Amino acid sequence: MDLAALRQQQIELASNVIREDRFDVDPPALIAGADVGFEQGGEVTRAAIVLLKYPSLELVEHRVARIATTMPYIPGFLSFREYPALLAAWEMLSQKPDLLFVDGHGISHPRRLGVASHFGLLVDVPTIGVAKKRLCGRFEPLGDEVGEKQPLIDKGEQLAWVWRSKKRCNPLFVATGHRVSVDTALLWVQKCMAGYRLPEPTRWADAVASGRPAFARWQAIQG
């Protein structure tokens, strides 16, 4: 695998990321959440995408794609491994969202191209990265209260907000994916909270992907 070529591709793609708000519909009427996981020892890539109405945050559609994994796990190049399944799930949607949350990094990546930015570029939709762990950069310690935040800084630029979404939980790393500014990204994550650590779009994507009890209950209600 030619990592030098992939690295160059990342740098070129990152230069195309739009770091300011370019919404087609504002406020968005449909917000998507996307989550990627791996099955069968990594041989199968599973991507789930959900659509939620805004502002009710009601789940209205969900799609799961499973495809053969096309690339091994290489730190720093995860988006190349994840985006093919995301694209497959995206093609299954009956309608496309106005805003997309991706469980993963946006520009908060050493070469400014996490999966949220990579996929956001591919589908050209306003996209926000909501990650659970830091990839790069530094931030000051956060207070314990919900809503505490600090900028994630790398090489003199802010890449994300480090934000405490729930007490006694590790903070989230909320970043520009594509066509959303870092401040607007945090604002929309805050608008989509319902008392859990994760915002509803990625929480539901994870629930659908993993067959969690919340999704089973939703399916039972739908009949």
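Residues numbered from 1 in each chain as written. Predicted model: local features only at pLDDT ≥ 70, side-chain atom pairs only at ≥ 80, totals over all residues. Heavy atoms only, no water.

(A) Examining the sheet that holds strand 2 (residues 44–53) more closely. In space, the eight strands of this open sheet follow the order 3-2-1-4-5-8-7-6, with mixed pairing throughout. The open sheet is flanked by strand 3 (59–68) and strand 6 (149–154), the only strands paired with a single partner. The average undirected angle you get between the axes of adjacent strands in this sheet is 25°. Pairing between strand 2 and strand 3: nine bridges, direction antiparallel. Within strand 3, the residue paired with leucine 52 across the bridge is leucine 59. (Pairing = 2+ DSSP bridges. Helix = DSSP H or I, 4+ residues; strand = E, 2+ residues; numbered from the N terminus. Axes fitted to C-alpha atoms, helices over the stretch in contact; angles between N-to-C directions.)

(B) View of helix 4 (residues 182–191). All of the buried residues along helix 4 are Val182, Thr184, Ala185, Leu186, Trp188 and Val189. Next to the buried residues of helix 4 lie strand 1 (30–39), strand 4 (99–103), strand 5 (127–131), strand 6, strand 7 (157–163) and strand 8 (172–178). (Buried < 20%, exposed > 50% of the residue type's maximum accessible area, 1.4 Å probe, protein only. Contact = heavy atoms within 4.5 Å.)

(C) Representation of the side chain of glutamate 200. Looking at the element boundaries, glutamate 200 is found in helix 5 (residues 200–210). Leaving out residues up to four positions away in the same chain, glutamate 200 has contacts with Leu52, Leu57, Cys192 and Ala194.

(D) Helix 2 (residues 78–92), seen in detail. Between its first and last C-alpha, helix 2 extends 22 Å over 15 residues, near the 21 Å set by a 1.5 Å rise per residue. Proline 84 marks the point of greatest bend in helix 2, at about 25°. Considered for burial, the residues of helix 2 that qualify are Ser79, Phe80, Arg81, Glu82, Ala85, Leu86, Ala89 and Trp90. Among the structural elements, helix 1 (3–14), strand 1, strand 2, strand 3, strand 4 and helix 3 (115–123) are those in contact with the buried residues of helix 2. (Expected span 1.5 Å × (residues − 1). Bend = angle between axes of the 7 residues up to and from the residue.)

(E) Expanded view of the layout of surface pockets. For the largest pocket, the calculated volume is near 600 Å³. In terms of lining residues, the largest pocket is bounded by 28 residues, among which Leu78, Glu82, Asp103, Gly104 and His105 are the most central. Only strand 1, helix 2, strand 5 and helix 5 provide two or more residues apiece to the lining of the largest pocket. Element by element, the count of residues in the lining of the largest pocket is highest for strand 1, at four residues. Partitioning the lining of the largest pocket into residue classes produces eleven nonpolar, nine polar and eight charged. (1 Å grid on protein atoms, 1.4 Å probe; cavity = no way out; pocket = protein on both sides within 12 Å on 5 of 7 lines; lining within 4 Å. Points joined across faces, edges and corners; volume = space filled by probe spheres on them. Nonpolar A, V, L, I, M, F, W, Y, C, P; charged D, E, K, R; others polar.)

(F) Region of interest: the packing of helix 5 against helix 6 (residues 213–222). Direction vectors running N to C along helix 5 and helix 6 enclose 85°, while the axes themselves pass 7 Å from each other. Between helix 5 and helix 6, the angle is such that the two are roughly perpendicular. For the pair helix 5 and helix 6, contact is made by Arg203, Trp204, Ala207 and Val208 and by Ala214, Phe215 and Trp218, respectively. For the contact of helix 5 with helix 6, a count of residues per class yields six nonpolar, no polar and one charged. (Parallel < 35°, antiparallel > 145°, perpendicular 65-115°, else oblique.)

(G) Quick peek at the UniProt feature "site: Interaction with target DNA" (unreviewed entry) in the chain. Cross-referencing UniProt, the feature "site: Interaction with target DNA" (unreviewed entry) maps to Tyr73 in the present numbering. Mapped onto the fold, tyrosine 73 is located in the loop between strand 3 and helix 2. (UniProt positions renumbered as here; feature names shortened; annotations may be inferred.)

(H) Spatial organisation of the pairing of strand 7. Judged by how many residues are buried, strand 7 sits mostly within the fold: five of seven residues are covered. Counted between consecutive antiparallel strands, the loop separating strand 6 from strand 7 contains two residues, among which lysine 155 sits at a positive phi close to 50°. Here strand 7 pairs with strand 8 via three bridges, running antiparallel. Bridge assignment links tryptophan 163 to a residue of strand 8, and that residue is leucine 172.

(I) Examining the packing of helix 2 against helix 3 more closely. Between helix 2 and helix 3, whose axes approach to 10 Å, the crossing angle comes to 45°. With respect to helix 3, the axis of helix 2 lies oblique. For the crossing formed where helix 2 meets helix 3, the hand is right-handed. Where helix 2 abuts helix 3, its residues Ser79, Phe80, Glu82, Tyr83, Leu86, Leu87 and Trp90 lie against Val115, His118, Phe119, Leu122 and Val123. Along the lines of polarity and charge, the residues of the contact of helix 2 with helix 3 split into nine nonpolar, two polar and one charged. (Left-handed = near helix turned anticlockwise from the far one by under 90°.)

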